[in-house]
Amino acid sequence: MDPVDLEQTTDRNTPALALSGGGFRATLFHCGTLMRLNELGLLTQLGRIASVSGGSITAAKLAIEWHGMSVQNGRFTNLDDRVIAPLRDFCSRTIDISAGLIGTLNPFSSAGVRLAKAYEGLLGNTSLQSLPDAPDFVFKATNLQTGRVVRFQKRYMADYMIGCIMDPDIPLSTVVAASSAFPPVLSPVRIKVSPASWTNLTGSTYFGDPNYKRELRLTDGGAYDNMGLESVDDFNPVIVSDAGKPFSVTETASGFWPKQLSRVLSISTDQARNLRRRLLYSACTNDGRNFAIAQIDRDIAHRPAAQNISFPSDRIAKLAGIRTRLNRFSAAEQDNLINWGWLAMDVMARSYLPQVSDADAPTALPLPIHQI
């Protein structure tokens, strides 16, 4: 069989959104992002939504509700009821401990299986084939065997080192489990596939090797691309909601080897994220494209857009430092994170996206403010 190229079916001159990893913290921050993008009239215009880890939880719920939401004047009128409220309810539970413990202690199960089971409570038995044709939802996990991203979409599942499977009928709960399987406790998520179902792609080095085509062993998509940028960086505009763990500078460096190894991994991850941001900036600047990045740890006070709401830097630092686990977030924590995602995206979008640059600056946050 001759190798094939996957044609581009999504118009690159439409807005694309990337939702980063970061556990339930990211899930909630992204809820604020969706709310503000909807109010600005951008959410219904998206051509692609790419996600990893905690961002995939948000994206998956949006995907399965997309067809059922009402649109008026280019905005969803029931986004809160169909997407935000169920996500908030889900983030009020703890799923990582039970998934890790039961998966480890039960010889007939695994952490990945238990994690997927937990996501069924939010997503039901929905398959990738039940997702809308547009926008194009892209969920990402990392293949521990090839070290490359595995992209899950309605149209295909692909690891470009191995090949692709067209029209994959995989439960969305399993896909999100793979995307958010934080190592080592929650991963790997194993997905068995038929070797005969693979299609060769141009450049697929291991297409003919059966050792890579029977079972995928996947871990958190953030291990490869924690901001989900790789599949949206050629769109115009590119919108990024980044709730990933911020890098911290320390005055001391431990010689204890586990802490030293952890520190080195943090440095490598931070450099990879910075490199992706720089590449996005360079590519968009050279091509005359627009982009906006709302980051959980970045102050917005001095951005170009007019602002009526102040958000103190110490409050930003505390929200950026909240845990990235898949455990219970209180109502107050949820309100604060959603408020911050909403405001950060508002200011960045109005500052750098011509489509909404003339929108009025909001005068109040959507949810109550709580002490941190």
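Please refer to the structure placed before this passage.
In this text the structure is predicted, and so the values were computed from the model without any measurement. (Residues numbered from 1 in each chain as written. Predicted model: local features only at pLDDT ≥ 70, side-chain atom pairs only at ≥ 80, totals over all residues. Heavy atoms only, no water.)

Side note on the overall build of the protein
Going by this rule: For the purposes of this entry, the term helix denotes a DSSP run of H or I that reaches at least four residues, the term strand denotes a run of E that reaches at least two, and both are numbered from the N terminus. Radius of gyration here uses only the C-alpha atoms, and the compact-globule reference equals 2.2 Å multiplied by the residue count raised to the power 0.38. Whether a residue is buried, partly exposed or exposed follows from its accessible area with a 1.4 Å probe, protein chains only, as a fraction of its type maximum: under 20%, in between, or over 50%, in that order. Whether two residues are in contact is decided by their heavy atoms: any pair within 4.5 Å suffices. Shrake-Rupley sampling with a 1.4 Å probe provides the accessible areas, and residues are treated as covered by the protein chains on show and by no other component. His is not counted here, nor are the chain ends, while Lys and Arg score as positive and Asp and Glu score as negative. To locate a charge, the coordinates of NZ of Lys, CZ of Arg, CG of Asp or CD of Glu are taken.
Along the protein, the regular secondary structure elements total 10 helices and 12 strands. Here the C-alpha atoms of the protein give a radius of gyration of 20 Å, agreeing with the 21 Å that 2.2 N^0.38 yields for 372 residues. Dimensions of the protein, computed from C-alpha atoms along their principal axes, come out at roughly 60 × 50 × 40 Å. Counting the 372 residues in the protein, one finds 53% classified as buried. In the protein, 76% of the contacts between residues at least 6 apart in sequence involve partners at least 24 apart. On the protein, roughly 16500 Å² of surface is accessible, and the fraction owed to carbon and sulfur atoms is 51%. Looking at the protein, you have 37 positive and 35 negative side-chain charges, and the mean spots of the two groups are 6 Å apart.

Some thoughts on the packing of aromatic side chains
Two measures describe an aromatic ring pair: the distance that separates the ring centres and the angle between the ring planes. For clarity, the cut-off: Under the pairing criterion, centres of Phe, Tyr and Trp rings, with the six-membered ring standing for Trp, must be within 6.5 Å; the plane angle then separates stacked pairs below 30 degrees from edge-to-face pairs above 60, leaving the rest tilted. The rule is short: NZ of Lys or CZ of Arg within 6 Å of the ring centre and within 35 degrees of the ring normal puts a charge over the ring.
Applying the stated criterion across every chain, the model contains nine aromatic pairs. Arranged with centres 6.1 Å apart and planes meeting at 80 degrees, the rings of Trp-66 and Phe-137 form a pair that is edge-to-face. Taken together, the residues Trp-66 in the loop between α2 (54-65) and β3 (71-72) and Phe-137 in strand β5 (residues 136-143) connect sequence positions 71 residues apart. Under the relative-accessibility criterion, Phe-137 is labelled buried at 2%. Between Tyr-281 and Phe-291 the ring centres are 5.9 Å apart and the planes differ by 90 degrees, which places this aromatic pair in the edge-to-face class. Here Phe-291 lies in strand β12 (residues 291-295) and Tyr-281 lies in helix α8 (residues 257-287), a separation of 10 residues in the sequence. Taken together through their ring pairs, the aromatic side chains of Phe-24, Phe-90, Tyr-119 and Phe-329 make up a single cluster. A cation over an aromatic ring shows up here: Arg-315 above the ring of Phe-311, its NZ or CZ 5.9 Å from the ring centre.

Remarks on the packing of α2 against helix α3 (residues 79-90)
Helix-helix packing is characterised by the crossing angle of the two axes and by the distance between the axes. Formally: Helix axes are fitted to C-alpha atoms over the stretch in contact, other axes to C-alpha atoms as well, and angles between N-to-C directions run from 0 to 180 degrees. Each helix crossing is assigned a hand: it is left-handed if the near helix lies turned anticlockwise from the far helix by less than a right angle, otherwise right-handed if that turn is clockwise. Under this grouping Gly is polar, as are all residues other than the nonpolar Ala, Val, Leu, Ile, Met, Phe, Trp, Tyr, Cys and Pro and the charged Asp, Glu, Lys and Arg.
Interaxial distance between α2 and α3 falls to 10 Å at its minimum, and their mutual angle equals 145 degrees. As for the relative orientation of α2 and α3, their crossing is right-handed in sense. Contacts between α2 and α3 involve Ile-57, Thr-58, Lys-61, Leu-62 and Glu-65 from the former and Leu-79, Arg-82, Val-83, Pro-86, Leu-87 and Phe-90 from the latter. Residue composition of the contact of α2 with α3, grouped by class: seven nonpolar, one polar and three charged.

Overview of unusual backbone geometry
Backbone torsion omega between Ala-134 and Pro-135 reads 0 degrees, so that peptide bond is classified as cis. Tracing the chain through its elements places Pro-135 in the loop between α5 (111-123) and β5. Cis rather than trans, the peptide bond between Pro-183 and Pro-184 has omega equal to -5 degrees. One non-glycine residue, Asn-73, adopts positive backbone phi at about 55 degrees. Its location among the elements puts Asn-73 in the loop between β3 and β4 (75-76).

Comments concerning the state of the cysteines
How we decide: Disulfides are defined as pairs of cysteine sulfur atoms found within 2.5 Å of each other.
Scanning all chains against the criterion turns up zero disulfides. As a non-bridged cysteine, Cys-31 has Cys-91 as the owner of its nearest cysteine sulfur, 6.6 Å distant. A residue is classified by how much of its surface remains accessible, and Cys-31, at 0% relative accessible area, is buried.

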